[in-house]
Structures are given as C-alpha cells and as structure tokens.
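Residue-level listing of the chains:
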Amino acid sequence: MLRIAVPNKGSLSEPAAAMLREAGYRTRRDSKELVVRDEANGVELFYLRPRDIAVYVGSGTVDCGVTGRDLLLDSGSAATEVMELGFGASTFRYAARPGTASTLEDVAGHRVATSYSGLVEKHLADHGVSAQVVRLDGAVETAITLGVADVIADVVETGATLRGQGLEVFGDPILRSQAVLVRDETSTELAAVEVLRRRLLGVVTAREYVMLDYDCPADLVDRACAVTPGLESPTVSPLQNREWVAVRAMVPRGVTNAVMDELYELGARAILVTDITACRL
Ligand SMILES: Nc1ncnc2c1ncn2[C@@H]1O[C@H](COP(=O)(O)OP(=O)(O)OP(=O)(O)O)[C@@H](O)[C@H]1O
Ligand SMILES: O=P(O)(O)OC[C@H]1O[C@H](OP(=O)(O)OP(=O)(O)O)[C@H](O)[C@@H]1O
Ligand SMILES: [Mg+2]
C-alpha cells in the first residue's frame, strides 16, 4: 500500500484534497479523519500538518506527500521534489519598514523574524550575511510593530498582509514556491509513486489545457498546425468536402482566445473549445 501524506490544514489542504479527488482517490469526508484507506487504489492517505510532511517523507515513515517547496527546504529533510502541482503559489521574501533596508546586505547585524528559520539561516549563510534569526510560529509581520525584530522573512501571496502592517519587500525573492509532490528516494513503493505522479500530471494538464477543434482549408493546414502544435502533434482528419480538413489539438488555456483569433484570421472556421476532464500523457 502506498502511503501518501496530505496537508490536514492551511492553504494547501483544500486544493490538495481536490486534486487527489480529481485523480480518482478517495479523500476524507470529515476534517477529524486523520487516516483514509483507499483499498481500490492501493493507497493510504495520512492527514498531517503541512510543516511535518517533508519530515515524515524524508524519514521514510510515508512514501510520498504533498507540501510546499518552501516547507520542504525549510525542513532540511532528505525528501525530494517530484513535480510541481500548480497551486499554493507564493514567494518568500524579506520585508521591513520603508527606508530601513533595500538590499540583503542591509540585513547584517539586524534581527530577522520568521517561521521558516531553516530557510532563512541557510539563505543568509549562503550570502555571507550575519544576522540574528528570531523564530516565530506565525503573524511575523507584527514582530516589527512589537519591537521583536527589524526585518521579517515570510510567505507573500497577494502582499495584502505586508501592506496592512506598513511593510515593504526588499531584495530579490528568497524563493518561489508552490505545492509539490515529494517522495522518499529509498521507498520500496517507487513504482506506485510513479502511478500517482502520472495521475497528478493528468489533473495538472487537464487544468492547464483545453481541447481545440476547428475546420481548416486543406492548403492552410501546415500554417494552422504551426499555430496549434499540440503536445505531440495535432490530429488532422479528412472532411467530406476534400478542400477542408478537421484539426484537433490541445492548447494552453491562457492563450485560447488569442489562438482562436489567429486561426480565424488564417481562414479556419467552426472553432470549438472544450474542457479536458482528465488525461494521461
Ligand atoms: N497566503 C498564503 N499564506 C500562507 N501560506 C501560503 C499562502 N499561499 C500559499 N501558501 C503556501 O502554503 C504553505 C503553508 O501552509 P501552512 O498550512 O503551513 O500555512 P498557512 O496556510 O498559513 O496555514 P496556518 O498559518 O493557518 O496554519 C506554504 O507552502 C506556502 O508557500
Ligand atoms: O501576501 P498575503 O496574501 O497577505 O498572504 C501572506 C500572508 O498569509 C499568511 O499568513 P496567515 O494568515 O496564514 O497567518 P500566519 O502568519 O499566522 O500563518 C502568511 O504567513 C503571510 O502572513
Ligand atoms: Mg499561516
């Protein structure tokens, strides 16, 4: 049985459960359930604190899990990143009161409050900056107001929390994070992890792409296929009217309308877009 760690709370919890459901796994019905056995799919889901997941996976207690890249790196765990999952995106950044600091060097000799002390200590050491790291559990933005720190290093998603505290980011982002699948390299279940990876990739791809169908004058098909190259190669089928062909290709969701405009200009007609429910690449 493949043992998968899943976030039980926080920003990653709902989207992780939704992704596993879409990938065909049975997820918990009640937030008090901590373990779910899905016999049909040969997996056992363990609902754990997101911060602990990399630790469990790195020690081999579970085979794999869903966590944030920032939490993985902060933990110092031996777990390895298998794939990005396309949700829970954030940056990890230094911030301070305007005018206090503008580069990483300005952090030297100051107190830095963070919930990610492993990540921050490593970042400072890698850049030869000596500063005192103050480890807090959360609400680190308030640490400056309360006089516990001069600088903070924290997750920034929209930036609203920082703005609310009158703080500004400075320096380059320490990290760009998102939810990732992590695994224990020494697991005896690596083949089963690979099945999970393919299923999750199917969900990520189905979300990122749409299916585009259109009719195209036969003499323009090469130019049209250059606009919609698909993943491997577009499907081109004959139509009853031999002067036309039907083309079918996957297109990134974000450019759908621009691609439809371009195809129309070229002479394609009856351009249809459909959602992809699931796929296996
Ligand atoms: N707005 C956000 N706030 C916090 N974490 C976020 C946000 N957006 C994405 N994330 C990611 O979620 C993970 C942190 O989740 P975690 O559950 O530990 O904290 P949380 O969502 O702040 O929950 P809580 O603080 O309520 O326990 C990290 O990988 C982080 O990058
Ligand atoms: O850039 P934003 O969209 O404002 O989001 C980022 C903020 O959200 C999280 O805090 P959370 O509400 O989870 O509180 P916490 O600090 O106690 O974890 C995170 O720690 C930041 O403070
Ligand atoms: Mg939080």
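Going by the structure above, here's the rest.
Conventions adopted
Residues numbered from 1 in each chain as written. Chains lettered and ligands numbered in written order. Predicted model: local features only at pLDDT ≥ 70, side-chain atom pairs only at ≥ 80, totals over all residues. Heavy atoms only, no water. Core = buried A, V, L, I, M, F, W, Y, C linked by side-chain atoms within 4.5 Å. Buried < 20%, exposed > 50% of the residue type's maximum accessible area, 1.4 Å probe, protein only. Helix = DSSP H or I, 4+ residues; strand = E, 2+ residues; numbered from the N terminus. Contact = heavy atoms within 4.5 Å. Pairing = 2+ DSSP bridges. Axes fitted to C-alpha atoms, helices over the stretch in contact; angles between N-to-C directions. Phe/Tyr/Trp six-rings, centres within 6.5 Å; stacked < 30°, edge-to-face > 60°. Lys NZ or Arg CZ within 6 Å of the ring centre and 35° of its normal.

Student: Mind showing me how you'd approach the nonpolar core here?
Tutor: Generally speaking, a soluble globular protein has its nonpolar side chains buried in company with each other. Ranked by internal contacts, the top residues of the largest apolar core, which has 25 residues, are I4, L85, F87, L196 and L200. Contributing elements (two or more residues each) for this core: β1 (2-7), α1 (13-22), β3 (43-48), β4 (64-68), β11 (179-183) and α7 (190-208). Among the elements that make up this core, the one with the highest residue count is α7 (five residues). Residues within four places of L196 in sequence aside, it is in contact with L2, I4, L20, Y25, C64 and L181. One finds A101, L104, V129 and V133 within the second-largest nonpolar core, a separate group that totals 19 residues.

Student: Explanation requested: the sheet that holds strand β14 (residues 244-252) in the structure shown.
Tutor: Pairing between the strands of a sheet comes from backbone hydrogen bonds, and it takes one of two forms, parallel or antiparallel. Pairing in this open sheet of four strands is antiparallel, and the strands run β13-β14-β12-β15 from one edge to the other. In this open sheet, the two strands that pair with only one neighbour each are β13 (235-238) and β15 (269-275). Going from strand to strand, the sheet's axes swing by 20° on average, the running direction of each strand aside. Sitting on the sheet, α7 is in contact with β12 (209-217) and β14, with an inclination near 50° to β12.

Student: What am I meant to see in unusual backbone geometry here?
Tutor: Of note, A139 is a non-glycine position whose phi angle comes to about 50°, a positive value. Mapping A139 onto the fold places it in the loop between β8 (132-135) and α5 (142-145). Of note, A270 is a non-glycine position whose phi angle comes to about 50°, a positive value. Secondary-structure assignment places A270 in strand β15.

Student: Before we go on, may I ask you to explain the sheet that holds β11 in this structure?
Tutor: Read from one edge to the other, the open sheet built from six strands follows the order β2-β3-β1-β4-β11-β5, with strand pairing classed as mixed. Edge positions in the sheet fall to β2 (35-38) and β5 (80-84), since each has one partner strand and no second. This sheet shows a mean twist of 25° between the axes of neighbouring strands, independent of strand direction. Here five bridges tie β4 to β11, and the two strands are oriented antiparallel to one another. For G65, the partnering residue across the bridge sits in β11 and is V182. Contacting β1, β3, β4 and β11, helix α2 (residues 50-58) crosses the sheet at an angle of about 140° to β4.

Student: What am I meant to see in the packing of aromatic side chains here?
Tutor: Here the distance between the centres and the angle between the planes together describe a pair of aromatic rings. Overall, the coordinates contain two aromatic pairs when judged by the stated rule. The ring of Y116 carries R51 above its face, with NZ or CZ at 4.7 Å from the centroid. In this structure, R269 is placed above the aromatic ring of Y264, and the distance from its NZ or CZ to the ring centre is 3.6 Å.

Student: What am I meant to see in the environment of R176 here?
Tutor: With respect to the element layout, R176 can be found in strand β10 (residues 168-177). For R176 and R69, which are 107 residues apart along the polypeptide, the C-alpha to C-alpha distance reads 8.2 Å.

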